[in-house]
Amino acid sequence: MKIKTLEDLFKHELKDLYSAETQLLKAMPKMAKEALNSDLRMGFEKHLKETEEQAERLKKIGEKLGFAVTGHTCAAMKGLIEEAKDMIAEDAPPEVKDVGLIAQAQRIEHYEISGYGTARTLAEKLGYADVAKVLEQTLQEEKATDVKLTKLAVSQVNEEAAAQ
């Protein structure tokens, strides 16, 4: 896809986000399975369901605007997931690995926050107020997940790892 207009860029951003979300749908169960801390594991499982909804929203946005959000691979998410796989493969105490999993998850969340913020702003500029509202909803979910991960790290997981 050649990007010549703001509309082209907006479609590219949506495709990138869809690819990111669908890649996460495959990676998150592995992260959940690896988590020792039950709150972390449940958080990953809850966010997996949220990610399914977010991917579906992107698909509906594409349909509404007359294009498919498929057919693109988000290289950045591919790399972030590769780093998460490396953390899973580490021969570290499980409590320490949980801290690493949170770090990887937050890198992913920050990427998504950036992407959804950009897409929302482009939607507003292009006059797609209803689409911008949907993207804002997802943006707020991603920010909330990041805050939950921070709270979990500070209140439990970092302490558990430090005790090792």
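Just so we're clear, the structure is a prediction, and the values are computed from it rather than from any experiment. (Residues numbered from 1 in each chain as written. Predicted model: local features only at pLDDT ≥ 70, side-chain atom pairs only at ≥ 80, totals over all residues. Heavy atoms only, no water.)

### Points about the pattern of salt bridges
Within the structure shown, the criterion is met by six salt bridges. Note that arginine 57 and glutamate 53 form a salt bridge whose closest N and O atoms lie 3.9 Å from each other. Taken together, the residues span about one helical turn, with arginine 57 and glutamate 53 both in helix H2 (residues 38-65) at a distance of four residues. A salt bridge links arginine 57 to glutamate 141; the nearest nitrogen and oxygen atoms lie 2.9 Å apart. Remark: glutamate 141 occurs in helix H5 (residues 129-162) and arginine 57 occurs in helix H2; sequence separation between them is 84 residues. The exposure class of arginine 57 is buried, given its relative accessible area of 15%. The network of salt bridges with shared partners includes Glu53, Arg57 and Glu141. (Salt bridge = Lys/Arg side-chain N within 4 Å of Asp/Glu carboxyl O. Helix = DSSP H or I, 4+ residues; strand = E, 2+ residues; numbered from the N terminus. Buried < 20%, exposed > 50% of the residue type's maximum accessible area, 1.4 Å probe, protein only.)

### Structural notes on the layout of surface pockets
In this structure, the largest pocket spans a volume of roughly 310 Å³. Lining the largest pocket are 18 residues, with Gly43, Phe44, His47, Thr145 and Leu149 sitting closest to its centre. Contributions of two or more residues to the lining of the largest pocket are made by helix H1 (6-34), H2, helix H4 (94-125) and H5. At eight residues, H2 tops the list of elements feeding residues into the lining of the largest pocket. Residue composition of the lining of the largest pocket, by class: 10 nonpolar, three polar and five charged. (1 Å grid on protein atoms, 1.4 Å probe; cavity = no way out; pocket = protein on both sides within 12 Å on 5 of 7 lines; lining within 4 Å. Points joined across faces, edges and corners; volume = space filled by probe spheres on them. Nonpolar A, V, L, I, M, F, W, Y, C, P; charged D, E, K, R; others polar.)

### What to know about the nonpolar core
Membership of the largest hydrophobic core comes to 19 residues, with the highest contact counts inside it found for Phe10, Leu14, Leu58, Ala123, Val131 and Leu135. Secondary structure elements with two or more residues in this core: H1, H2, H4 and H5. If you tally residues by element for this core, the top one is H4, at five residues. Setting aside anything within four residues of it in sequence, one finds leucine 135 in contact with Phe10, Leu14, Leu58, Ile61, Tyr116, Ala119, Arg120 and Ala123. Met31, Ala35, Ile102 and Ala105 belong to the second largest nonpolar core, which has 14 residues in total. (Core = buried A, V, L, I, M, F, W, Y, C linked by side-chain atoms within 4.5 Å. Contact = heavy atoms within 4.5 Å.)

### Quick notes on the environment of glutamate 160
Structurally, glutamate 160 can be placed in helix H5. Sequence separation of glutamate 160 and alanine 84 is 76 residues, and the distance between their C-alpha atoms is 20 Å. When near neighbours in sequence (up to four residues on either side) are disregarded, glutamate 160 contacts Asn37 and Glu95. A polar contact of 3.2 Å, which involves the side chain of glutamate 160, links it to the side chain of asparagine 37. (Polar contact = N/O pair within 3.5 Å; in protein donor to acceptor, adjacent residues only side chain to side chain.)

### Brief notes about H5
In a regular helix each residue adds 1.5 Å, so 34 residues correspond to 50 Å; H5 covers 47 Å between its end C-alpha atoms and thus fits that length. Its axis deflected by about 50 degrees at alanine 153, H5 carries its strongest bend there. (Expected span 1.5 Å × (residues − 1). Bend = angle between axes of the 7 residues up to and from the residue.)

### Description of the side chain of threonine 138
Within the secondary structure, threonine 138 is located in helix H5. In terms of polar contacts, threonine 138 uses its side chain to reach the side chain of arginine 57, at 2.6 Å. Setting aside its immediate chain neighbours within four residues, threonine 138 contacts Gln54, Arg57 and Tyr116.

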